[in-house]
Amino acid sequence: MNPISLLGELGRAILSMLAAFGRVALFALDAVSHIFRPPFYPREFGIALLNIGWLSLPVVGLTAIFTGGALALQIYAGGARFNAEAVVPQIVAIGMVRELGPVLVGLMIAARVTSSIAAEIATMKVTEQIDALVTLSTHPMKYLTAPRVLAALLTVPVLVAIGDIIGIAGGYTVATQNLGFNPAAYLKNTVDFLEVRDIVSSLVKGAAFGVIAAIMGCYYGMSSGRGAQGVGRATKGSVEAAAVLILAANFVLTGVFFSL
Amino acid sequence: MIRMENVHKAFDDNHVLQGMNLEIPKGTSMVIIGGSGTGKSVALKCILGLIKPDSGMIYVDGKDAQKGDRDAFLARFGMLFQGAALFDSLPVWQNVAFRLLRGSLKRPVEEAREIAIEKLRRVGLKSNVADRLPAELSGGMQKRVGLARAIAAEPEIIFFDEPTTGLDPIMSGVINDLIREIVTEMGATAMTITHDMSSVRAIADNVAMLHGGVIQWTGPVGQMDASGDPYVEQFISGSAEGPIEAVR
C-alpha cells in the first residue's frame, strides 16, 4: 500500500471515529434533555430503579467484599517489605473509596446493566416494538431511555457508596481475623484517614459511570442491526464502549479531584 | 384520504421507492401487493413518519403528513405489525390499552382495562387472556392481540403489515375476516400490505401492485383478475415466467 492510500485509510478511520463520537454525544444530549421534559413514565422509572439499583446489589456486594479482602492481603504483604504493614486500614480505605469502589461498581454495572439494556432495546428494535411505540404516540427516548438514564444517575452512586463500605468491611475482616489488627484501631484509622473529598469523588464518579453505562446500553440498543447477529453486536459493543468510557472518565475525574 | 405523490426512498444504493404515487379514498380498504423487498413496508412506514422519504409528498386528508402536531397525527392511526410487535414486559390487556393508559387519550385504569377486554372479545379472545404475557400466546393469538391494540383507540385509519404471515390457512382466514368486519363496522380507511392473495380477496376494496419502486397497476379488487397487467397476472398466478424476475 502506498503512503497516500495509507494516509487516506487513516483519515477515513479518524473521520469515522469522530462521527461516532458525534452521534453518541448528540444521543446523550437528547437522552438527558428528555429527563426534564414531559411526559414522564414513573412506572418505567420504578422498574429501572429496581433493575439497575436493587438487583445489582448482590454482584456489587460480592465484588467489593472480595476486592477489599484481597487489597488488605496485598498491602500487608507489600508493606512488610519496608516495615509498613500498619498502613493497611488507610490504604484499603483510600483505595476502595477513591478508585476500586467506583471503578469496579462501574464495570459491574457495564457488564450487568449495559448489556441487559442494549439486548432488551435491540430486541425491541428488531421485533418492531420501537416502531410500535412510535405509532402509539410514545416517544422511545422518553419511554425507554430517559427512565433508565435517570435511574442509573441516582442508583449507581448509592451502589458505589455501598460497595465502598462493603469493600472496607472486607479489608477489615481480613485484617482483624487473619493479620492480627486491632478492630477498634483499624476502624479509627480508616475514619480518620478518609476526607470528604474522597467520598465526594467516589459518588460523583458513580453518577458519571451510571450515566455512561445507561446511555451506552440505550444507544447501542437503538442503533442495533437486524436479527440475532444485530442484537449480539449491539450488546457486545455497548459493554465494550461503556467499559472503556468508564475507565477514561475515571482518569479524567481523578485528575479533576486530586490533581488540582 | 391518503395521497402519496412521487415518493422516493433509497437505502444507500438500494432505490426502494422510485416515484410512488397512490391514492386511498376515505373509508376504503386498499391492499398493496408485491414481492418481498419491493418496498411495501417502506411505503407504509413513510406515511406514518417512521421512515423519512428522500423526496415526494404524502398527504392525509389534504394535509402534509410530515408537518403539524405529531401526536395528534399518530392518534388517528392504528397499526397491526407483521410480528404483532407486542411489548414483552406488559400483560396482554396493557398492550391493548397502551394508548389508553398514557398520553392525550389517557383513561382511568379500570376503564382502560374494560375497553381492552372488550376489544379482545371483539377479536375472538376470552377475558382470561388479558393477564397473560404475550410470550405465553400462540402466533395467531398474538396477531389477534395486535389487532385489538390497533383498534383500541378507535382510529380513523388502520394499517395492516402482512397480517397473515406465519399463520396456518384457517387462522389466516379468521384474521382476514376479522379485518374486513372491523374495517367495515368502524368505517375506517385501511391500508394492508401482503403477498397473500387470499388476504387480498378477503380484505380489499382496491388493490395496488408495487414493483420496481412504483405502482404498476391499481384498481378495484373485482377487476384484478382481468387487469391485463403482466405484473399483476404473474403475481396472481405465481408463475416464475413474466416481467417479475424470480431471482431477486
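Just so we're clear, the structure is a prediction, and the values are computed from it rather than from any experiment.

Quick word on the overall build of chain B
Okay, step 1: Scanning chain B from N- to C-terminus turns up eight helices and 10 strands.
Okay, step 2: Taking 248 residues into account, the globule formula puts the C-alpha radius of gyration at 18 Å, and chain B, at 18 Å, falls close to it.
Okay, step 3: For chain B, with 248 residues in total, the buried portion stands at 46%.

Brief notes about the overall build of chain A
Okay, step 1: Scanning chain A from N- to C-terminus turns up nine helices and zero strands.
Okay, step 2: Put simply, chain A runs from its N terminus to its C terminus through helices and strands in the order α-α-α-α-α-α-α-α-α.
Okay, step 3: Considering only C-alpha atoms, chain A reaches an extent of 65 × 60 × 35 Å along its principal axes.
Okay, step 4: Here chain A holds 260 residues, and 42% of them are scored as buried.
Okay, step 5: A separation threshold of at least 6 residues defines the contact pool for chain A, and within that pool the share at least 24 residues apart is 88%.

Some remarks on unusual backbone geometry
Okay, step 1: The omega angle of the peptide bond from proline 38 of chain A to proline 39 of chain A is 0 degrees, so this bond is cis rather than trans.
Okay, step 2: Checked against the element boundaries, proline 39 of chain A lands in the loop between α1 (3-35) and α2 (42-53).
Okay, step 3: Its identity is not glycine, yet serine 137 of chain A carries a phi of approximately 60 degrees, on the positive side.
Okay, step 4: When you line up the elements, serine 137 of chain A lands in the loop between α5 (129-135) and α6 (140-177).
Okay, step 5: Of note in this structure, aspartate 61 of chain B is not a glycine but carries a positive phi near 50 degrees.
Okay, step 6: Owing to 13 C-beta atoms within 10 Å, aspartate 61 of chain B belongs among the partly exposed residues under this scheme.

Structural notes on the domain arrangement of chain B
Residue and element names in this part refer to chain B.
Okay, step 1: Segmentation of chain B into domains returns domain 1 (1-76 + 157-248) and domain 2 (87-154).
Okay, step 2: Using C-alpha coordinates to define each centre, domain 1 is positioned 26 Å away from domain 2.
Okay, step 3: In this complex, domain 1 contributes 11 residues to the contact, which on the side of domain 2 involves 12 residues.
Okay, step 4: Residue contributions to the side of domain 1 that touches domain 2 peak at five residues, all from helix α6 (residues 169-186).
Okay, step 5: Its residues assigned to classes, the side of domain 1 that touches domain 2 shows nine nonpolar, one polar and one charged.

Focus: the interface of chain A and chain B
Okay, step 1: Opposite the 11 residues of chain A that make contact, chain B presents 15 residues.
Okay, step 2: Its residues assigned to classes, the side of chain A that touches chain B shows four nonpolar, five polar and two charged.

Focus on the sheet that holds strand β2 (residues 14-24) of chain B
Okay, step 1: Pairing within the open sheet is antiparallel, and its four strands lie in the order β2-β1-β4-β5 (chain B). Each edge of the open sheet carries a strand with a single partner, namely β2 and β5 (63-64) of chain B.

Some details on the packing of helix α4 (residues 88-126) of chain A against α6 of chain A
All names here are of chain A.
Okay, step 1: At their nearest, the axes of α4 and α6 sit 7 Å apart, and the two run at 145 degrees to each other. α4 and α6 meet at a crossing whose hand is right-handed.
Okay, step 2: Considered class by class, the residues forming the contact of α4 with α6 number 21 nonpolar, four polar and two charged.

Points about the environment of glycine 232 of chain A
Okay, step 1: Residue position: glycine 232 of chain A is located in helix α9 (residues 227-258).
Okay, step 2: Considered as a pair, glycine 232 of chain A and alanine 122 of chain A are 110 residues apart in the sequence and their alpha carbons are 8.8 Å apart.

A short note on the pairing of strand β10 (residues 214-220) of chain B
Residue and element names in this part refer to chain B.
Okay, step 1: As paired strands, strand β9 (residues 206-211) and β10 are joined by six bridges and run antiparallel to one another. When the bridges of β10 are listed, histidine 211 appears paired with valine 214.
Okay, step 2: Once β9 ends, the chain turns through two residues before running back antiparallel as β10, passing glycine 212 with a positive phi of about 65 degrees.

Some words on helix α5 (residues 139-151) of chain B
Residues three or four positions apart in an α-helix share a direction because the helix packs 3.6 residues into each turn.
Residue and element names in this part refer to chain B.
Okay, step 1: Here α5 is 13 residues long and its end C-alpha atoms lie 19 Å apart, about the 18 Å a rise of 1.5 Å per residue gives.
Okay, step 2: Most of α5 sits inside the fold, with 11 of its 13 residues counted as buried.
Okay, step 3: The inward-facing, buried residues of α5 abut β6 (77-80), α3 (92-96), α4 (109-122), β7 (157-161) and α6.

Observations regarding the nonpolar core
Okay, step 1: Formed by 78 residues in total, the largest nonpolar core has its most connected members in Ile32, Val96, Ile158 and Met209 of chain B.
Okay, step 2: Of the residues forming this core, the biggest block, six residues, is contributed by α5 of chain B.
Okay, step 3: Split by domain, the residues of this core number at least three in each of domain 1 (1-76 + 157-248) and domain 2 (87-154) of chain B.
Okay, step 4: Apart from residues lying up to four places away in sequence, isoleucine 158 of chain B is in contact with Gly78, Ala150, Ile151, Val183, Ala188 and Ala190 of chain B.
Okay, step 5: Counting 63 residues, the second largest nonpolar core, distinct from the first, contains Tyr76, Met124, Leu150 and Ala213 of chain A.

Structural notes on helix α8 (residues 230-237) of chain B
Residue and element names in this part refer to chain B.
Okay, step 1: Of all the positions in α8, only Tyr231, Val232 and Phe235 are classed as buried. What you see down the axis of α8 is that its buried residues fit within an arc of 95 degrees, all on one side.
Okay, step 2: Looking at the buried residues of α8, the elements they touch are β3 (29-33), β9 and β10.
Okay, step 3: Two residues or fewer past α8, glycine 238 is found with a positive phi of approximately 70 degrees.

Regarding the sheet that holds β9 of chain B
All names here are of chain B.
Okay, step 1: Reading across the sheet, the six strands line up as β6-β7-β8-β3-β9-β10 and stay open at both edges, with mixed pairing between neighbours. The sheet terminates laterally at β6 and β10, the two strands that pair on one side only. For this sheet, the mean angle separating the axes of adjacent strands, direction not counted, is 15 degrees.
Okay, step 2: Judged from the five bridges that link them, β7 and strand β8 (residues 189-194) form a sheet pairing that is parallel. Directly across from aspartate 161, in β8, lies its bridge partner isoleucine 193.
Okay, step 3: Those strands touched by α8 are β3, β9 and β10, and its axis lies near 100 degrees from that of β9.

Considering the pairing of β6 of chain B
Residue and element names in this part refer to chain B.
Okay, step 1: Residues Phe77 and Met79 of β6 are buried on one face, and the alternating residues Gly78 and Leu80, pointing to the opposite face, are buried as well.
Okay, step 2: Across four bridges, β6 lies against β7 in parallel orientation. Pairing of methionine 79 across the sheet is with phenylalanine 159, part of β7.

Re the confidence of the model for chain B
Okay, step 1: Counting all residues, the mean pLDDT for chain B is 90, and 99% of those residues have values of 70 or more.
Okay, step 2: For this predicted complex, the interface score ipTM comes out at 0.88, alongside a pTM of 0.88.

Rules used throughout
Residues numbered from 1 in each chain as written. Chains lettered and ligands numbered in written order. Predicted model: local features only at pLDDT ≥ 70, side-chain atom pairs only at ≥ 80, totals over all residues. Helix = DSSP H or I, 4+ residues; strand = E, 2+ residues; numbered from the N terminus. Rg over C-alpha atoms; globule rule 2.2 N^0.38 Å. Buried ≥ 20, exposed ≤ 12 C-beta atoms within 10 Å, placed from the backbone. Contact = placed C-beta atoms within 7 Å. Domains from an automatic or database assignment. Nonpolar A, V, L, I, M, F, W, Y, C, P; charged D, E, K, R; others polar. Pairing = 2+ DSSP bridges. Axes fitted to C-alpha atoms, helices over the stretch in contact; angles between N-to-C directions. Left-handed = near helix turned anticlockwise from the far one by under 90°. Expected span 1.5 Å × (residues − 1). Core = buried A, V, L, I, M, F, W, Y, C linked by C-beta atoms within 7 Å. Arc of directions from axis to C-beta. pLDDT = per-residue confidence, 0-100.

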